[in-house]
Number of protein chains: 2
Amino acid sequence: MVLLREELGDVLRDARRAQGRTLRDISATASVSLGYLSEIERGEKEASSELLASICTALEMPLSIVFTEVAQRARRAERVSAPVTLPVATHSEDVVSAA
Amino acid sequence: MVLLREELGDVLRDARRAQGRTLRDISATASVSLGYLSEIERGEKEASSELLASICTALEMPLSIVFTEVAQRARRAERVSAPVTLPVATHSEDVVSAA
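The shown structure was predicted, so the numbers you read here are calculated from the model rather than taken from an experiment.

The rules we used
Residues numbered from 1 in each chain as written. Chains lettered and ligands numbered in written order. Predicted model: local features only at pLDDT ≥ 70, side-chain atom pairs only at ≥ 80, totals over all residues. Least-squares fit on C-alpha atoms with pLDDT ≥ 70 in both. Contact = placed C-beta atoms within 7 Å. Helix = DSSP H or I, 4+ residues; strand = E, 2+ residues; numbered from the N terminus. Nonpolar A, V, L, I, M, F, W, Y, C, P; charged D, E, K, R; others polar. Axes fitted to C-alpha atoms, helices over the stretch in contact; angles between N-to-C directions. Parallel < 35°, antiparallel > 145°, perpendicular 65-115°, else oblique. Left-handed = near helix turned anticlockwise from the far one by under 90°. Buried ≥ 20, exposed ≤ 12 C-beta atoms within 10 Å, placed from the backbone. Expected span 1.5 Å × (residues − 1).

Draft legend 1. Broad picture of the relation of the copies chain B and chain A. When chain B is fitted to chain A, the best match, at an RMSD of 0.1 Å, comes from turning it 180° and sliding it 0.0 Å along the axis. On the angle and the small slide along the axis, the relation comes out as a two-fold axis. The fraction of interface residues of chain B whose copies in chain A are also interface residues reaches 100%, indicating that both copies meet through the same surface.

Draft legend 2. Up close: the interface of chain B and chain A. Contacts between the two partners involve 21 residues from chain B, matched on the other side by 21 residues from chain A. At the level of elements, α1 (4-18), α4 (49-58) and α5 (63-81) of chain B are the ones that each hand at least two residues to the side of chain B that touches chain A. With nine residues, the single largest contributor to the side of chain B that touches chain A is α5 of chain B. Of the residues belonging to the side of chain B that touches chain A, the class tally is 12 nonpolar, four polar and five charged.

Draft legend 3. A look at the packing of helix α1 (residues 4-18) of chain A against helix α5 (residues 63-81) of chain A. Residue and element names in this part refer to chain A. The interhelical angle for the contact between α1 and α5, taken along N-to-C directions, is 125°, at an axis separation of 9 Å. By the criterion of interaxial angle, the relationship of α1 to α5 is oblique. Of the two possible hands of crossing, α1 and α5 adopt the one that is right-handed. Two secondary-structure elements touch here, α1 through E7, L8, D10 and V11 and α5 through V66, E69, V70, R73, A74 and A77.

Draft legend 4. Main features of unusual backbone geometry. Residues and elements named next belong to chain A. Even without glycine at this site, S31 takes up a positive phi of about 55°. Structurally, the position occupied by S31 is in the loop between α2 (23-29) and α3 (34-41). Under the C-beta neighbour-count criterion, S31 is labelled exposed, with 10 such atoms within 10 Å.

Draft legend 5. Here's a closer look at α1 of chain A. Residues and elements named next belong to chain A. In this model α1 runs 21 Å from its N-terminal to its C-terminal C-alpha over 15 residues, within 8% of the 21 Å that 1.5 Å per residue would give. Buried within α1 are the following residues: L4, E7, L8, G9, V11, L12, A15 and R16. Directly after α1, the chain includes G20, whose backbone phi takes a positive value near 65°.

Draft legend 6. View of the environment of V66 of chain B. Residue and element names in this part refer to chain B. As for its placement among the helices and strands, V66 is situated in helix α5. Counting along the chain gives 45 residues from V66 to R21, while the straight-line C-alpha distance between them is 17 Å. Residues within four places of V66 in sequence aside, it is in contact with V11, C56 and M61.

Quick look at the structure:
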């Protein structure tokens, strides 16, 4: 099962690291505790919509960009977690010969 | 401020209505109370990642599609809420003549 908070956490952490910024910097700017921000980035805690907006503002990243990246990550994760279809014999003789 | 739960609620409600399905149908399939689902659709309550995954499964809609639509809605909302830049006089004489 693909979970929003895990994909979102990865996107927020990658954005912060790409900017060369620390958890301490973003947590101070977004007025969230360092520990809570760290849990959000690790996909362990859900961020409220207001807190997410604050974090996005601190990262100077519009919500639309964040969710475009979340959608891309979710698509990759869905491919990985999709059920695998194995080839199935369609003739009875194939089934017999395979047995 | 663009809020995730408001954009997400709109996307989930639109998807349900486009399928001609009722709150009762989706709430039963996703194992969430009808009242809570209704509040999520109205952007009044945050859905946990697990509950969101259940609702998406009930709608037969991958999370990647949901968040592609959330990103599109957020982009439109950001345009509307962007600060308007008014032309500013750059010469003191303009300021005087405008007064």
